[in-house]
Amino acid sequence: MKLAIQTERHSEILMEVIPVFEGGEVQHVCNSCAARVQRFVKFGTFSGKLGTTYKFTKEKDLGLIKEEVYVGLGKKEELTPEKIRFAVAKAVKEVVKLHKEKTTVRFIDIDTISTEEVTKAIFEGAVLACYEFNSYKKVSEDHKSINEIRIASVAEEKVADAEKAKEEVIALLEGTIAARDLVNEPANVMVPALLAEKAKKMGEEAGFQVEIKDKNEIEALGMKAFLEVAKGSVNEPKLIIMRYFGDEENKSNITGLVGKGLTFDTGGYSLKPNDGMVTMKCDMGGAAAVIGAMHAIAKNELKANVVAVVAACENVIAGNSYKPGDIIGSMAGKTIEVLNTDAEGRLTLADAVYYAVEKEGVNRIVDLATLTGAALVALGDVTTAVIGNDDSFYQELKAASELAGEKVWQLPAFPEYKEQIKSSIADLKNTGGRFAGTITAGLFVGEFVKDTPWLHLDIAGTAWANSDKGYITKGGTGNSVRTLYYLIKNQK
Ligand code: BES
Ligand code: MG
Ligand code: ZN
């Protein structure tokens, strides 16, 4: 996909997206076009309400046809970057329906949002809305994919800022799209070894180091909880470690990013019903998010040190799989009573976060996981649930998530909840009963980070979409890639 900025209103691209504020205010148009939009509004053809669109065909001289898609931005004083993403996504989907491969989107001049933010939001809305996962199907012959998006009518004095934002957003979009691709790849293909290989390739491209540890090395590290989950699968586990050191002067200041990497989760002997199992290729959504974020962080050469860790494996049934009632060990030395083999993510994460703290020396840590159905019950597919042990760290995350347009919400982590994961016959048990499932799952992971400032993001609802919604496409969403990027970029 080619992204470009132009100062001109028109170019050889005869497909144009024209943003319009509610009530009909439209920028960068000639008087007659402005009057036409006013007539649309007056006759109720098109209102400019957020996300509404109207297609218009113009016959130009020399027999050329120009197509315009008008898209509503809603009320001017209420415009936000997220609304820009949403509106542009709607417009670009109309462009796709017209079988066009290129389009311009006219810039939006507004005092309340910086040129950089407007530029990024337009590209994000446009590029992410166009995402398709077509590797496995025959596409019809008239199907066209958009391969060029240009922002038009950028004022001379804004070009430098717009170009800078374009360069930054390219890596963010690549990271987000990579995360979507990783999740969408089916689990018969996306086994732990392939996930590790993909991470390695991305590291070579973007400039971060990737180390892959195999089963023997994982055993040598004593990652017993991780190995118990992995045990039943013929597809061997991999521990994927990604290192980026962009701030050599502060070498001891390292953020750890840990992503849940279940390439498939059947539930194990606590088997999921088919309806709950069928989308479980998404259970490495946390891994996809950290791999995508590493790409963006390294490609944009952020001044920061980050080590990402993924304990990748499959939770399946075999004669030697772990069973409900088993008591297992962990790298930290704590014993765990397994009450439910479907609460496997927290077991892999326990060892992964402990490894990051103990062996990689990270001094703050974020883990991301498609961890609990309870997160969906609480917050739906709109918002990521967060718990942690450090409020100022949470405030940094919140600010980062707002820049990304990805919603987060903190749940309480009061010590009372820890009672639910105490076992009478081991140090911990892996389920905390029916209530507060997202909190107890998170607190379980928190038992393995020692005193390190820590945040846990449960992305069970946000990593996967059941249908298209604005710039979020059905399947893997790439959620949290951009939030993690801004968290690292704007580190305090
Ligand atoms: N991977 C699932 C959680 C999940 C559910 C992710 C729906 C995405 C969508 C996780 O491993 C799981 O099975 N969790 C159990 C925990 C329970 C057994 C305590 C759950 O949420 O039911
Ligand atoms: Mg499970
Ligand atoms: Zn799972």
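Residues numbered from 1 in each chain as written. Chains lettered and ligands numbered in written order. Predicted model: local features only at pLDDT ≥ 70, side-chain atom pairs only at ≥ 80, totals over all residues. Heavy atoms only, no water.

Caption draft 1: Representation of the overall build of the chain in the model. Across its full length, the chain carries 14 helices and 19 strands. Its C-alpha radius of gyration of 24 Å places the chain within 12% of the 23 Å reference for a compact globule of 492 residues. Dimensions of the chain, computed from the C-alpha atoms along their principal axes, are close to 80 × 50 × 40 Å. Residues classed as buried in the chain amount to 57% of the 492 residues present. Here the contacts in the chain between residues at least 6 apart in sequence split such that 77% fall between residues at least 24 apart. With an accessible surface of roughly 20,000 Å², the chain has 50% of that area assigned to carbon and sulfur atoms. (Helix = DSSP H or I, 4+ residues; strand = E, 2+ residues; numbered from the N terminus. Rg over C-alpha atoms; globule rule 2.2 N^0.38 Å. Buried < 20%, exposed > 50% of the residue type's maximum accessible area, 1.4 Å probe, protein only. Contact = heavy atoms within 4.5 Å. Areas by Shrake-Rupley, 256 points an atom, 1.4 Å probe, with all protein chains shown as cover.)

Caption draft 2: How the structure looks around the sheet that holds strand β12 (residues 336-337). Read from one edge of the open sheet, three strands run β11-β12-β16, paired in mixed fashion. Each edge of the open sheet carries a strand with a single partner, namely β11 (327-328) and β16 (428-429). When β11 meets β12, the two strands line up antiparallel, connected through two bridges. By the bridge assignment for β12, I328 is matched with I336. (Pairing = 2+ DSSP bridges.)

Caption draft 3: The arrangement of the pattern of salt bridges in detail. Per the stated rule, a full pass over the model turns up 44 salt bridges. Here R364 and E396 are joined by a salt bridge, their closest N and O atoms 3.2 Å apart. On the criterion of sequence distance, the pair formed by R364 in strand β13 (residues 364-369) and E396 in helix α12 (residues 391-404) is long-range, its members being 32 residues apart. Residue classification places E396 among the buried positions, given a relative accessible area of 13%. Via salt bridges that share partners, E16, R36, K58, K66, E68 and R106 belong to a single interconnected network. (Salt bridge = Lys/Arg side-chain N within 4 Å of Asp/Glu carboxyl O.)

Caption draft 4: Here's a closer look at the coordination of the magnesium ion (ligand 2). Taken together, D265 (OD), D342 (O), D342 (OD) and E344 (OE) make up the full set of protein donors to the magnesium ion (ligand 2), lying 2.0 to 2.2 Å away. The sequence pattern describing where the donors of the magnesium ion (ligand 2) fall on their chain is D-x76-D-x1-E. Separating the magnesium ion (ligand 2) and the zinc ion (ligand 3) is a distance of 3.2 Å, and D265 donates to both of them. (Donors = N, O, S within 2.8 Å, 3.2 Å for Na, K, Ca; no water.)

Caption draft 5: Expanded view of the coordination of the zinc ion (ligand 3). Only K260 (NZ), D265 (OD), D283 (OD) and E344 (OE) from the protein reach the zinc ion (ligand 3) as donors, at distances of 2.0 to 2.4 Å. Each of the six donor atoms around the zinc ion (ligand 3) contributes to a set of angles spanning 77 to 171°, which defines the coordination as octahedral. (Tetrahedral: all angles 85-135°; square planar, octahedral: opposite > 155°, others 65-115°.)

Caption draft 6: Quick look at the site of ligand 1. Residues in close proximity to ligand 1 total 16 residues, the closest being K272, D283, D342, E344 and G373. Here an oxygen atom of ligand 1 sits 3.1 Å away from a polar atom, N or O, in the side chain of K260. Relative to its unbound accessible area of 520 Å², ligand 1 is 78% covered by the protein chains. Mapped onto the shell around ligand 1, the elements with two or more residues apiece are β9 (255-265) and α11 (373-379). Along the lines of polarity and charge, the residues of the shell around ligand 1 split into four nonpolar, five polar and seven charged. (Near = heavy atom within 4 Å. Polar contact = N/O pair within 3.5 Å; in protein donor to acceptor, adjacent residues only side chain to side chain. Nonpolar A, V, L, I, M, F, W, Y, C, P; charged D, E, K, R; others polar.)

Caption draft 7: Just the sheet that holds β13, in detail. Strand order in this open sheet of eight strands is β7-β8-β10-β9-β13-β17-β14-β15, and the pairing throughout is mixed. Both outer strands of the open sheet, β7 (209-213) and β15 (407-410), are each paired with one neighbouring strand and no more. On average, adjacent strands in this sheet sit at an angle of 20° to one another, irrespective of strand direction. Across five bridges, the pairing between β9 and β13 is parallel. For G256, the partnering residue across the bridge sits in β13 and is I365. Of the strands in this sheet, β13, β14 (383-388), β15 and β17 (454-458) are in contact with α12, which crosses β15 at around 160°. Each of β9, β10 (305-315) and β13 touches helix α14 (residues 481-489); the most contacted strand, β13, lies at about 175° to it. (Axes fitted to C-alpha atoms, helices over the stretch in contact; angles between N-to-C directions.)

Caption draft 8: Representation of the domain arrangement of the chain. The assigned domain composition of the chain is domain 1 (2-166) and domain 2 (185-489). Each of domain 1 and domain 2 has a C-alpha centre, and the two are 37 Å apart. The partner domain 2 presents 12 residues to the 14 residues of domain 1 that form the contact. Carbon and sulfur atoms make up 50% of the surface buried where domain 1 meets domain 2, a total of about 1,200 Å² over both sides. One salt bridge connects E124 with R482, and the closest N-O pair in it is separated by 3.1 Å. If you look at where domain 1 meets domain 2, you find six residue pairs in polar contact (both at pLDDT 80 or more). Counting only elements with at least two residues in the side of domain 1 that touches domain 2, the list comes to α2 (81-97) and α3 (115-129). It is α3 that provides the largest number of residues to the side of domain 1 that touches domain 2, a total of six residues. Looking at side-chain class alone, the side of domain 1 that touches domain 2 contains seven nonpolar, one polar and six charged residues. (Domains from an automatic or database assignment. Buried area = accessible area lost by both parts, 1.4 Å probe.)

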